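# A look at the structure
Here's the letter readout for the chains.
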Amino acid sequence: MISASALSWRYGADPVIDGVDVVARPGRVLGLIGPNGSGKTTLLRLLYGALRSPTGQVTVDGVAVPELSPRETARRIAVVVQESGGETAMTVAEMVLLGRGPHLSTFQRAGAADHEIAAECLERVGAAHLAGRAFAGLSGGERQRVLIARALAQQATHLLLDEPTNHLDIRYQHEILHLVRELGTCSVVVLHDLNLAARYCDDLVLLGGGDVVAAGPAGEVLDPAILEPVYGIGIRRLDLDGTLHLLFDLEARV
Amino acid sequence: MFGNNHQGVAVAEVYVAQRRRTTLWVVGLVAGVVATGVIAVGTGAIGIGPGTVARILGHQLLGFPSEVTWTPPQEAIVWQVRLPRVLLGMLVGAGLAVCGVALQAMVRNVLADPYLLGINSGASSGAAAAILFGAGAGFGQYALSASAFLGALAASLLVFLVARSGGRVTSMRLLLSGVAVGYALYALTSFLIFASGSAEGSRSVMFWLLGSLGLARWDALLAVAALVIGGTAAYLTVSGRRLDALAVGDETAHTLGVSPDRFRMRLLVVVSLCVGVLVSAAGSIGFVGLVVPHLARRVVGATHARVVPVAALLGAILLVWADVVARVLLAPQEIPIGIITALLGAPFLLILIRRLHATGA
């Protein structure tokens, strides 16, 4: 469980995040949604400690993040960031094995058990056949899957993903998010696509103008009355076969 | 489904294949270093056969063979003159190569080399002050090296202070401050040469700037170089996994439990010290630190725990051969070694650029 209270961050004089509370519960997928520039990625970075909020605090399973060493943090929180490291000469296998680093001491080398874990994680994202390939030679979608495999290889109790469906075709968008759900770990996902959020997130936090506009179960947050003013677009909501769908219409803007 | 591990073999296979390849290269390169040493010690104005060289070295180091079958001048040339020079060459080559590896990871730029941080410019200013104005005379026979080292230290401190902001050193700030400090100190060196008005002195400074192993002797300097360069190579090898993470990106390093700012700061201290010692011992020898890391990555892949030792061995071999060429090409006159490494390195760099372009397309 990750729980954060009263977080804030500013770039220069402009506050991007201002007094935000977030709770990610065990076994549930929390989606961070909001328009461009609403601070989704900043909030995610505050959660895993890449940015230190000057106010409030973040705790992981009850321990304040600043009290954990970077390695301890990496064993509790695995993150898929948007930085791909495309220029590296590493193979896919080496890239995924990097995820084992937080579990190895300085003088310890990755062993058979680590190879097993790395291979299993590659298989889970459907990228086992890429193990021997150069990471730099992969397509955007293949890279993203390998980076997710690396995060899985960290075997952390929490998984954070910053727009993991970027660069992925429709099938892999669903496969990746389905996988995140199936993991059953406490996950936080930054998502642009509200329909994906509707389908794969248990809870949502809607950000707008540096504040939390709405937070709660996905079905409650994805209310056209809440979303329309934040996104500035007309929204219709359909419930088909128990799944929620959103349709957008620029002309019907409120 | 996850239990089926024919894929598990794949990752392990990739890993084992790379490790076997590395082991083969390391064994081959160690043999290469030994052979290079024996041949290089025997080569020069007076040629001495490899067999004789091996016997003299064996006699000196192990007391075997105990029977002396060579002349005293031969022994003096091998033991007193050429061996320290070849050893210094190996150390400097290895040091430049591993510092190049570290810097390319630190700033994530394939064109980074050990002189990127302006440390050599600082050392040059120190050396010029010593040669032209007798600075550091209190250090006796070490006046030149000591003065160069102080210059290097001052330059790295300056780079460090400029690049550091809010307890962080980002790669961009590091690059920019290195270049700025480098230019400023280069200007200072030129000014010192100009102000001294001594043609002989400026020739000595020029010679030093292009690098030379001519100062090599069995002295404290050689011991310090061995200690610092050995320590740096060991530290970088052990830090291999953290270098891997840093080379991918700061954000990635952070999520893998490596604090990029703290680690980069530590690397900066280690590399500055090592480059300072290198430059004070042998002047600025270009291209080795830039080119050798690329060669090493070509043969053993991108994992730094493998790249660092392989680069060290490759650098050692390369620099000693460059020195042999420098000694014999215009014998008895000696060419600054930096000219040789630049002549060899520049075409290599062009090939590299073509390759990069080809794979980028």
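Everything numeric in this text was worked out from a predicted model, so none of it was measured.

## Some points on the overall build of chain B
A count of helices and strands for chain B gives 14 helices and two strands. Against the compact-globule benchmark of 21 Å for 361 residues, chain B has a radius of gyration of 22 Å, which places it among compact chains. Taking the principal axes of the C-alpha coordinates as reference, chain B spans close to 75 × 55 × 35 Å. Counting every position in chain B, which comprises 361 residues, the buried fraction comes to 52%.

## Describing the interface of chain B and chain A
Of the residues lining the interface, 28 residues belong to chain B; the matching set on chain A comes to 32 residues. At the level of elements, helix H1 (6-42), helix H9 (240-248) and helix H10 (250-255) of chain B are the ones that each hand at least two residues to the side of chain B that touches chain A. Taken together, the residues that form the side of chain B that touches chain A break down as 13 nonpolar, 11 polar and four charged.

## Things to note about unusual backbone geometry
Residue Pro65 of chain B follows Phe64 of chain B across a cis peptide bond; omega there is -5 degrees. With respect to the element layout, Pro65 of chain B can be found in the loop between helix H2 (50-62) and helix H3 (72-107). Residues other than glycine seldom take positive phi values, yet Asp61 of chain A does so here, at roughly 45 degrees. Mapping Asp61 of chain A onto the fold places it in the loop between strand S4 (57-60) and strand S5 (63-64).

## Brief notes about the sheet that holds strand S3 (residues 29-33) of chain A
Residue and element names in this part refer to chain A. Read across the open sheet, the six strands follow the order S6-S7-S8-S3-S9-S10; overall the sheet is mixed. Each having just a single partner strand, strand S6 (77-80) and strand S10 (211-217) make up the two edges of the open sheet. Here the strands of the sheet are splayed against their neighbours by 15 degrees on average, with no regard to which way each runs. Across five bridges, strand S7 (residues 158-162) lies against strand S8 (residues 186-190) in parallel orientation. Of the residues in S8, the one forming a bridge with Asp162 is Val190.

## Observations regarding the environment of Val68 of chain B
Positionally, Val68 of chain B belongs in the loop between H2 and H3. Sequence spacing of Val68 of chain B and Ile56 of chain B is 12 residues, and the spatial spacing of their C-alpha atoms is 8.2 Å.

## With respect to the packing of helix H4 (residues 112-124) of chain A against helix H5 (residues 140-153) of chain A
Residues and elements named next belong to chain A. Interaxial distance between H4 and H5 falls to 8 Å at its minimum, and their mutual angle equals 135 degrees. By the angle between their directions, the pair H4 and H5 is classed as oblique. As for the relative orientation of H4 and H5, their crossing is right-handed in sense. Here Ile117, Ala118, Cys121, Leu122 and Arg124 of H4 lie close against H5, whose contacting residues are Ala149, Leu152 and Ala153.

## Thoughts on the confidence of the model for chain B
All names here are of chain B. With 95% of its residues at a pLDDT of 70 or more, chain B shows a mean pLDDT of 87. The lowest-confidence element of chain B is strand S2 (residues 168-169), averaging 73 in pLDDT; the highest-confidence one is helix H13 (residues 304-328), averaging 95. For residues 1-7, every residue scores under 50 in pLDDT, and the model assigns this stretch eight contacts once sequence neighbours within four places are set aside. Both scores are available for the predicted complex, with the pTM at 0.89 and the ipTM at 0.89.

## What about the packing of helix H4 (residues 119-133) of chain B against helix H6 (residues 171-196) of chain B?
Residues and elements named next belong to chain B. As a packed pair, H4 and H6 sit with axes 8 Å apart at the nearest point and diverge in direction by 15 degrees. The pairing of H4 with H6 is recorded here as roughly parallel in orientation. Once H4 is placed against H6, the crossing between them reads as left-handed. Contacts between H4 and H6 involve Ser121, Gly122, Ser124, Ser125, Ala128, Ala129, Leu132 and Phe133 on the former and, on the latter, Gly182, Leu185, Tyr186, Leu188, Thr189, Leu192, Ile193 and Ser196. Split by residue class, the contact of H4 with H6 holds nine nonpolar, seven polar and no charged.

Analysis parameters
Think of each chain on its own: its residues are numbered from 1, step by step along the sequence as written. Chain letters and ligand numbers both follow the written order, the letters beginning at A and the numbers at 1. In view of the model being predicted, local features appear only for residues whose pLDDT reaches at least 70, and side-chain atom pairs are presented and counted only at 80 or more, with totals across whole chains, interfaces and linings using the full set of residues. To qualify as a helix, a DSSP run of H or I must reach at least 4 residues; to qualify as a strand, a run of E must reach at least 2; elements of each kind are numbered from the N terminus. Using C-alpha atoms as the atom set, the radius of gyration is obtained and then compared with a globule rule of 2.2 Å times the number of residues to the power 0.38. Counting other C-beta atoms within 10 Å of a residue's C-beta gives its exposure: the residue is buried at 20 or more, exposed at 12 or fewer, and partly exposed in between, where C-beta atoms are placed from the backbone. What counts as a contact here is a pair of residues whose C-beta atoms, placed from the backbone, lie within 7 Å. All residues other than Ala, Val, Leu, Ile, Met, Phe, Trp, Tyr, Cys, Pro, Asp, Glu, Lys and Arg, Gly among them, are scored as polar; the first ten of these are nonpolar and the last four charged. By definition, two strands form a pair when at least two bridges between them are found by DSSP. Lines are fitted to the C-alpha atoms to define the axes, a helix being fitted only along its stretch in contact, and any angle between axes, read from their N-to-C directions, falls within 0 to 180 degrees. Roughly parallel covers angles under 35 degrees, roughly antiparallel covers those over 145, roughly perpendicular covers 65 to 115, and oblique covers all other angles. Handedness of each helix crossing follows the sense of rotation of the near helix against the far helix: counterclockwise by less than a right angle gives left-handed, clockwise gives right-handed. Every residue carries a pLDDT, the predictor's confidence in it, which falls somewhere between 0 and 100.

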